[in-house]
Amino acid sequence: DTAVSQTPKYLVTQMGNDKSIKCEQNLGHDTMYWYKQDSKKFLKIMFSYNNKELIINETVPNRFSPKSPDKAHLNLHINSLELGDSAVYFCASSQRFLGQSRGWHEQYFGPGTRLTVT
Amino acid sequence: SQQGEEDPQALSIQEGENATMNCSYKTSINNLQWYRQNSGRGLVHLILIRSNEREKHSGRLRVTLDTSKKSSSLLITASRAADTASYFCATDEESYIPTFGRGTSLIVHP
């Protein structure tokens, strides 16, 4: 009965490789997010999808590409991995984004994927 | 620049004491949210307070919002060892983009 799940939990890979992280939510939410948390716990949003439509696309290298096959899934593909990509990546979901004038609902986070690039 | 800054960065208290952490932001918000993150886990939502609200309670948690000072505080009363975690505030002041601070690391000693 996990609400937001991510796979894998740990990912160790070498520089230059391509990897994917998968995320699924069973909460019926319309909006999903990817965050990156660095070693100092700074959490920064990368992408957000609202019912499969990309609504937030922060300044992220284009080696990172999100894909949302349906509103319950949001995957993150990373090409040509670099040392600086090492971090914990969190997926989250929420009820439908309310719009710029009303903000957003509380988010439900997955357990995180710890990516280590060697 | 980093919005939603928490203060202090670290807090160490004894069980039974109250813990107060603060969050400041720079522009205007629709709402402000507090989250908890246990070590090695994802964030868990605690409280959402809207810009027209001044105070909200949830169990041992009390959140205040002062929009004139652009700040919020999270008070945990009668703390327990299980409250040991990092606490983050999140705002939507950067347009509609959820923006988190760096968190306050709370240690509650039994």
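Described below are features of the structure shown in this document. Values in this document were obtained by computation on a predicted structure and should not be read as measured data. (Residues numbered from 1 in each chain as written. Chains lettered and ligands numbered in written order. Predicted model: local features only at pLDDT ≥ 70, side-chain atom pairs only at ≥ 80, totals over all residues. Heavy atoms only, no water.)

**Let's talk about the overall build of chain A**
- Along chain A, the regular secondary structure elements total zero helices and 11 strands.
- Compactness check: chain A gives a C-alpha radius of gyration of 14 Å against a globular reference of 13 Å for 118 residues, within 12% of the reference.
- For chain A, the spread of C-alpha atoms along the three principal axes comes to 40 × 30 × 30 Å.
- Considering chain A as a whole, with its 118 residues, one finds that 47% of them fall into the buried category.
- Put simply, 57% of the contacts in chain A that link residues at least 6 apart link residues at least 24 apart.
- Carbon and sulfur atoms provide 47% of the accessible area of chain A, an area that totals close to 5900 Å².
- For chain A, the centre of its 14 positive side-chain charges and the centre of its 11 negative side-chain charges are spaced 3 Å apart. (Helix = DSSP H or I, 4+ residues; strand = E, 2+ residues; numbered from the N terminus. Rg over C-alpha atoms; globule rule 2.2 N^0.38 Å. Buried < 20%, exposed > 50% of the residue type's maximum accessible area, 1.4 Å probe, protein only. Contact = heavy atoms within 4.5 Å. Areas by Shrake-Rupley, 256 points an atom, 1.4 Å probe, with all protein chains shown as cover. Lys, Arg positive; Asp, Glu negative; His and termini not counted. Charge placed at Lys NZ, Arg CZ, Asp CG, Glu CD.)

**As for the side chain of serine 65 of chain A**
- By secondary structure assignment, the location of serine 65 of chain A is in strand 7 (residues 64-70).
- If near-sequence neighbours (up to four positions away) are discounted, serine 65 of chain A is found in contact with Asn75, Leu76 and His77 of chain A.

**Focus on the nonpolar core**
- Counting 22 residues, the largest nonpolar core has Met21, Leu32, Trp34, Leu74, Ile76, Tyr87 and Leu106 of chain B as the members making the most contacts within it.
- Taken together, the elements giving at least two residues each to this core come down to strand 2 (10-14), strand 3 (19-24), strand 4 (31-37), strand 5 (43-50), strand 7 (61-66), strand 8 (71-76), strand 9 (85-94) and strand 11 (104-109) of chain B.
- Excluding its chain neighbours within four sequence positions, the residues that come into contact with methionine 21 of chain B are Asp7, Pro8, Trp34, Ser72, Ser73, Leu74, Ile76, Tyr87, Thr104 and Leu106 of chain B.
- The next biggest cluster of nonpolar side chains, apart from the first, holds 19 residues, and it includes Val4, Met32, Ile78 and Leu115 of chain A. (Core = buried A, V, L, I, M, F, W, Y, C linked by side-chain atoms within 4.5 Å.)

**Some words on the sheet that holds strand 8 of chain B**
All names here are of chain B.
- The antiparallel open sheet is built from five strands, whose spatial order is 1-3-8-7-6. Since the sheet does not close on itself, it has two edges, and those belong to strand 1 (5-7) and strand 6 (55-58), each with one partner. Adjacent strand axes in the sheet meet at a mean angle of 20 degrees, parallel and antiparallel pairs treated alike.
- Strand direction decides the pairing type here: strand 1 and strand 3, joined by three bridges, are antiparallel. Within strand 3, the position partnered with aspartate 7 by the bridge is asparagine 22. (Pairing = 2+ DSSP bridges. Axes fitted to C-alpha atoms, helices over the stretch in contact; angles between N-to-C directions.)

**Here we look at the interface of chain A and chain B**
- Of the residues lining the interface, 25 residues belong to chain A; the matching set on chain B comes to 24 residues.
- Between chain A and chain B, the buried area comes to about 2100 Å², and carbon and sulfur atoms account for 56% of it.
- Across the contact surface, chain A and chain B share zero salt bridges.
- Linking chain A with chain B are three residue pairs in polar contact (both at pLDDT 80 or more).
- Mapped onto the side of chain A that touches chain B, the elements with two or more residues apiece are strand 4 (31-37), strand 5 (43-50) and strand 6 (53-57) of chain A.
- The residue inventory of the side of chain A that touches chain B, partitioned by class, reads 12 nonpolar, seven polar and six charged. (Buried area = accessible area lost by both parts, 1.4 Å probe. Salt bridge = Lys/Arg side-chain N within 4 Å of Asp/Glu carboxyl O. Polar contact = N/O pair within 3.5 Å; in protein donor to acceptor, adjacent residues only side chain to side chain. Nonpolar A, V, L, I, M, F, W, Y, C, P; charged D, E, K, R; others polar.)

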